[in-house]
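The chain contents come next:
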Amino acid sequence: MESKDLDERRARAPLSVSARAIFEHKGCGSAGGSGKASCGSSMAPADMAPGVWEKIKNHPCYSEEAHHHYARMHVAVSPACNIQCNYCNRKYDCANESRPGVVSERLTPEQAARKTLAVASAIPQMTVLGIAGPGDPLANPEKTFKTFELIAREAPDIKLCLSTNGLALPDYVDRIKDLNVDHVTITINMVDPDIGARIYPWIYYQHKRHTGRDAAQILHERQMQGLEMLTERGILCKVNSVMIPGVNDRHLVEVNKAVKSRGAFLHNIMPLISAPEHGTVFGLTGVRGPTAQELKALQDRCEGQMNMMRHCRQCRADAVGLLGEDRSSEFTTEKVMESELAYDGAARRAYQAAVEDKRNEKLAAKEAELESLRGRGADIAILVAVATKGEGRVNEHFGHAKEFQIYEVSALGAKFVGHRRVDLYCEGGYGEEDTLPTIIRALNDCTAVLVAKIGGCPQATLKQAGIEPVDSCAHEFIDAAAIAYYKTYIDRVEKGEITHLPKGDAAIRQGAYVAA
Ligand code: CLF
Ligand code: SF4
């Protein structure tokens, strides 16, 4: 009840100008297929404040379309945590941003700054430096802020980003603002302390351990306060929520409303990854993760309210590269300390200008395909899976894909709705027949899979499973290829060659990701 009162008071409170600009932006998903520019294009949407667009356009997490082109890196400088989540095992990274079962290499702030410069030299499209673990960055404030200070001085073009459980956030908002940290993620899994007590066994706050409902109440109030303080200062806030079936799955709609009313820009609902071998309370007590369709249904339900992020890869605390790829093994401390730094701001700007040209080319291709789609297939929506290694193109072989991107295609166009991690089909040049069933389970709700190339054997097995393999669009832009496939699908339905049938559900891979 206390929480509800707090909610109502906050909902009535006036929003700052920047918070209102965010609040009033109706969401990327709603504009996706209309043909007008959205968060998914390289031009500012008509309904978004230009200042907000400047902050998100090259951020791979805040803009879905940017994540095909721009990379982020994390530095693991924050080992300690001030709370306990039932989906976390402290042997590993913070599962608020990382999948359980992943261990990152711990760095000092000086090592972290050197690593950032090394990565910025080698990967000119790396635009964002995030601190997201392995514990909570604000439970390690000196290490976190020292790292940001060093990077702001040495590489001012890199955006700074922070992810926190929010408990200590109100104490550090002014420091975050002073350091020009434009993006802060808060993991908020509940606004009802009774539900919170099922997720958080304890928190450590003001030199005291709190447990049960009391702990969840404090955490909730600190999270809401921190979110409001950030949005009042014009700092973009993303909220991560872990969807825990049977615990907070229905409740996350309330969370969505509460964070939207406080000016959060983006909501990222992530699946619980839960298996006994992770050693977490949820894993050991049989709390399962959601299926792909359960996750999508919840994200769809919240999408009318605000921008939903669906491309999160729950990446490790030392992740490097495009979302979905992991180049952290190329930048170990040993390699970074030995490497010659060649940070060149002008070269980075030139590279990024070329990336923007490609983005605009991609947008033009999508618009052209969309135009040819007008009025077709009004009530048919299908999912297609895509094998890609970046640049928004169908450019990966079926057997080399570690994940497939999922697009929902309808008369409104193609919309990114998620991704599915899979085990590699092709190892050492040979197809692993054992992995095919797991790939099919991950793509079971898809009508087709668009790939750059695919062998005869997996083609036959996919067809038997009702998933059409398509390699005729190799190296084309994804949106345009997906729309083109949709048109051929509708043609065949209209001619009576095939029958459009609803598809089943699909599985989200529960194993911890291991970098290749
Ligand atoms: Fe890192 Fe997080 Fe910043 Fe992105 S990740 S701190 S906002 S730069 Fe992104 Fe990775 Fe998902 Fe995080 S895909 S886990 S949402
Ligand atoms: Fe683990 Fe992160 Fe939760 Fe801390 S906040 S207990 S590190 S998941």
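Nothing here was measured: the structure is a model prediction, and the numbers come from that model. (Residues numbered from 1 in each chain as written. Chains lettered and ligands numbered in written order. Predicted model: local features only at pLDDT ≥ 70, side-chain atom pairs only at ≥ 80, totals over all residues. Heavy atoms only, no water.)

1. Section: unusual backbone geometry
Link 1 in the chain: The residue after glycine 133, namely proline 134, is reached through a cis peptide bond having omega 10°.
Link 2 in the chain: Residue placement: proline 134 occurs in the loop between strand E3 (126-131) and helix H6 (141-154).
Link 3 in the chain: The backbone phi angle of glutamate 391 is positive, close to 65°, even though this residue is not glycine.
Link 4 in the chain: Tracing the backbone through its elements, the reader meets glutamate 391 in the loop between strand E12 (382-386) and strand E13 (403-410).
Link 5 in the chain: Here histidine 475, not a glycine, exhibits a phi torsion of approximately 70°, which is positive.
Link 6 in the chain: Tracing the chain through its elements places histidine 475 in the loop between strand E18 (468-470) and helix H17 (478-495).
Link 7 in the chain: The exposure class assigned to histidine 475 is partly exposed, which follows from its relative accessible area of 47%. (Helix = DSSP H or I, 4+ residues; strand = E, 2+ residues; numbered from the N terminus. Buried < 20%, exposed > 50% of the residue type's maximum accessible area, 1.4 Å probe, protein only.)

2. Topic: the pattern of salt bridges
Link 1 in the chain: Tallying each qualifying case throughout the model produces 29 salt bridges.
Link 2 in the chain: Between aspartate 157 and arginine 348 there is a salt bridge, and its shortest N-O distance comes to 2.9 Å. With aspartate 157 in the loop between H6 and strand E4 (159-164) and arginine 348 in helix H14 (residues 345-371), this residue pair connects regions lying 191 residues apart in the sequence.
Link 3 in the chain: With relative accessibility at 34%, the residue aspartate 157 sits in the partly exposed group.
Link 4 in the chain: Across the pair arginine 262 and glutamate 228 runs a salt bridge, and its minimum N-O distance is 3.3 Å. On the criterion of sequence distance, the pair formed by arginine 262 in the loop between helix H10 (252-261) and strand E9 (266-271) and glutamate 228 in helix H9 (residues 212-232) is long-range, its members being 34 residues apart. Each of the two residues, arginine 262 as well as glutamate 228, counts as buried.
Link 5 in the chain: If you follow the salt bridges from partner to partner, you end up with Lys296, Asp300, Glu303, Arg310, Glu408 and Lys415 in one network. (Salt bridge = Lys/Arg side-chain N within 4 Å of Asp/Glu carboxyl O.)

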